[in-house]
Amino acid sequence: GQNIDQPTEMTATEGAIVQINCTYQTSGFNGLFWYQQHAGEAPTFLSYNVLDGLEEKGRFSSFLSRSKGYSYLLLKELQMKDSASYLCAVLGNGDSNYQLIWGAGTKLIIKP
Amino acid sequence: DTGVSQDPRHKITKRGQNVTFRCDPISEHNRLYWYRQTLGQGPEFLTYFQNEAQLEKSRLLSDRFSAERPKGSFSTLEIQRTEQGDSAMYLCASSFSSPYNEQFFGPGTRLTVL
């Protein structure tokens with residue numbers, strides 16, 4: 001089967017750093033996406049990793065280890081507006097085409 | 001172009017009724033996806049189009065669900081004989097032709113079946 005695991009909820013303090021982990025077991029691997037979703041809104045793209053290593057983009061960084069089936073999203077200098085759900089999605093093999101397989105998301109709560 | 005739009009934003013219907021949702025993708029995008037999302041879960045893939053061709057449909061999708069993209073631009077998702085279990089947020093997304101491209105999501109249509 002295909003499985004993506006993320007923690008359900010995390011809490012962090014404004015100004016701090018938080019790491020959100022994602023492990024996956026999928027049929028095929030063609031890259032991993034991170035999306036941010038504020039409550040009641042649509043997901044928005046954060047990052048895409050297809051090779052091992054760290055991709056840095058401003059306050060957000062994403063890491064991938066294909067051999068371990070593992071990724072993390074690192075958020076630095078946390079702001080209150082970072083309170084949202086963070087969705088990990090793997091581009092795997094669907095029935096006939098590539099398909100995004102989504103995790104359930106990690107709800108991040110930022111406290112002052 | 002201001003992004004992906006969906007209509008309506010909210011729909012309340014009675015069990016057994018048919019409903020239809022519309023999605024207008026970003027005009028340069030030729031891929032269009034439909035997802036369903038329930039509270040506390042990630043999006044669940046329903047189907048996707050490359051231009052006007054429906055290339056994949058989830059095996060979990062019942063025969064009551066049908067989608068079209070007649071001219072390769074906007075798309076409609078119809079649910080016939082709605083059930084309470086159909087209550088969810090229905091998201092549409094579009095992207096350029098490669099599956100490696102990020103998907104841009106619309107605001108969603110929230111369906112409540114009474």
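Everything here concerns the structure above.
Residues numbered from 1 in each chain as written. Chains lettered and ligands numbered in written order. Predicted model: local features only at pLDDT ≥ 70, side-chain atom pairs only at ≥ 80, totals over all residues. Heavy atoms only, no water.

1. Focus on the overall build of chain B
- Looking only at helices and strands, chain B has zero helices and eleven strands in total.
- Secondary structure elements in chain B, listed N-terminal to C-terminal, are β-β-β-β-β-β-β-β-β-β-β.
- For chain B, the C-alpha radius of gyration of 13 Å lies close to 13 Å, the compact-globule estimate for 114 residues.
- Dimensions of chain B along its principal axes, counting C-alpha atoms only, are 40 × 25 × 25 Å.
- Taking all 114 residues of chain B together, the buried fraction comes to 46%.
- Pairs at least 24 residues apart make up 54% of the contacts formed inside chain B by residues separated by at least 6 positions.
- Accessible area for chain B stands at about 5800 Å²; split by element, carbon and sulfur atoms hold 46% of it.
- Averaged over its 14 positive side-chain charges, chain B has a centre that lies 7 Å from the centre of its 13 negative ones. (Helix = DSSP H or I, 4+ residues; strand = E, 2+ residues; numbered from the N terminus. Rg over C-alpha atoms; globule rule 2.2 N^0.38 Å. Buried < 20%, exposed > 50% of the residue type's maximum accessible area, 1.4 Å probe, protein only. Contact = heavy atoms within 4.5 Å. Areas by Shrake-Rupley, 256 points an atom, 1.4 Å probe, with all protein chains shown as cover. Lys, Arg positive; Asp, Glu negative; His and termini not counted. Charge placed at Lys NZ, Arg CZ, Asp CG, Glu CD.)

2. A short note on the environment of Thr2 of chain B
- Mapping Thr2 of chain B onto the fold places it in the segment before strand E1 (5–7).
- The exposure class assigned to Thr2 of chain B is exposed, which follows from its relative accessible area of 87%.

3. Thoughts on the sheet that holds strand E8 (residues 70–75) of chain A
Residues and elements named next belong to chain A.
- The sheet built from five strands is open, its strands ordered E1-E3-E8-E7-E6 with antiparallel pairing. Looking at the sheet topology across the chains shown, the edges are occupied by strand E1 (3–5) and strand E6 (53–57). Taking the axes of each pair of neighbouring strands and ignoring which way they run, one obtains an average angle of 15° across the sheet.
- Summarising the sheet, E1 and strand E3 (residues 18–25) pair through three bridges and their orientation is antiparallel. Bridge pairing links Asn3 to Gln25 in E3. (Pairing = 2+ DSSP bridges. Axes fitted to C-alpha atoms, helices over the stretch in contact; angles between N-to-C directions.)

4. Regarding the state of the cysteines
All names here are of chain A.
- Tallying each qualifying case throughout the model produces two disulfides over all chains.
- The partner cysteine of Cys22 in its disulfide is Cys88, sulfur to sulfur 2.0 Å. Disulfide Cys22-Cys88: torsion about the S-S bond near -65°, hence left-handed. Of this pair, Cys22 sits in strand E3 while Cys88 sits in strand E9 (residues 84–93), and the two are 66 residues apart along the sequence. (Disulfide = S-S within 2.5 Å.)

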